[in-house]
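Structural overview
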Amino acid sequence: MAAMAALCRRLRALGRGLRGVQTPPGPPRYEESTAEFGFVERLLPPSRIPEPPLHPKYPTPSGWSPPAGSPPELPYFVRRSRLHNLPVYLGQRQGRRLTALRRIHGDIWVSGGLWGQLGGSEHPPKPPPPPLCPPQALERDLRAFLGSLGVPEVQVQVNEVTGTLRLRGHWGHEVRSWLLQRGF
């Protein structure tokens, strides 16, 4: 504690000594040189991510493939990440393997929602969606694709607000190939 008080006294004394220093009047004198700025520019990070270069064949050795020329005409769209990768992520939560599909825009839910799964006998029918809402398709299409591979029914969790769809199990390779097949 005493050492800290001594240090504070020394710093205050230094501050008093600096106040007595006079600076010359007027603006500071400096010379602006643009000749060497090229060396500085190389060190600065780029202002945006550049477009990926063209490769002789796809997929590249790293497994990357570009999106199709124009986005497909579907009621949903899966936007690529800022580094031009597909937003499919593998993870684990409480010992369970999960596959997350992010950056989904548009229609995520299965057509019919819970009413189609419950059978309809004990619940009233669900009202039809408004005419401006496209048919709900992403979850249905993804389940159909995994079913065609012989995968049993996969549990899916949809978060509409964040535009995320989580599948139980590691289906990263299958989901990526399906997205590339669809043109994303």
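Everything discussed here concerns the structure shown above.
The following refers to the structure shown. All figures in this text were calculated on a predicted structure; none of them were measured in a lab. Per-chain numbering applies: the sequence of each chain, read as written, is numbered from 1 onward. pLDDT decides what is reported in this predicted model: residues at 70 or higher carry local features, side-chain atom pairs at 80 or more are listed and counted, and totals for whole chains, interfaces and linings draw on all residues regardless. Water and hydrogen atoms play no part in the side-chain values, which are based on all heavy atoms of the structure.

The next thing to look at is the pairing of strand E2 (residues 88-93). Two strands are counted as paired when DSSP detects at least two bridges linking them. Every helix listed is a DSSP run of H or I at least four residues long, and every strand listed is a run of E at least two residues long, numbered separately from the N terminus. As judged from the six bridges shared by E2 and strand E3 (residues 96-101), these two strands associate in the antiparallel manner. Note that in E3 the partner of Val 88 across the bridge is Leu 101. The hairpin formed by E2 and E3 contains two residues between the paired strands, and Gln 94 there has a positive phi angle of roughly 55 degrees.

To obtain each axis, a line is fitted to C-alpha atoms, and for helices this fit is confined to the stretch in contact; angles are then taken between N-to-C directions over 0 to 180 degrees. For the pair helix H4 (residues 138-148) and helix H5 (residues 172-182), interaxial distance at closest approach is 11 Å and the crossing angle is 115 degrees. Note on packing geometry: the crossing formed by H4 with H5 is right-handed. Between H4, through Leu 138, Asp 141, Leu 142, Phe 145 and Leu 146, and H5, the contact on the second element is made entirely by Glu 174, Val 175, Ser 177, Trp 178, Gln 181 and Arg 182. In this classification, Asp, Glu, Lys and Arg are treated as charged, Ala, Val, Leu, Ile, Met, Phe, Trp, Tyr, Cys and Pro as nonpolar, and every other residue, Gly included, as polar. When grouped by side-chain class, the residues that make up the contact of H4 with H5 number six nonpolar, two polar and three charged. Crossing handedness: left-handed means the near helix sits turned counterclockwise from the far one by under a right angle, and right-handed means the same turn made clockwise. Here, two residues are considered to be in contact whenever any of their heavy atoms come within 4.5 Å of each other.

With that settled, consider the sheet that holds E2. The sheet built from four strands is open, its strands ordered E2-E3-E6-E5 with antiparallel pairing. The open sheet has two edge strands, E2 and strand E5 (156-159), and neither has a second partner. Between one strand axis and the next, the sheet turns by 25 degrees as a mean value, whatever way the strands run. Two strands pair when backbone bridges link them, and E5 and strand E6 (residues 164-168) are joined in this way by four bridges, in the antiparallel orientation. Pairing of Asn 159 across the sheet is with Thr 164, part of E6. Across the sheet, H4 is in contact with E3, E5 and E6; its angle to E6 comes to roughly 30 degrees. Against the sheet, H5 contacts E2, E3 and E6, and its axis sits at roughly 155 degrees relative to E2.

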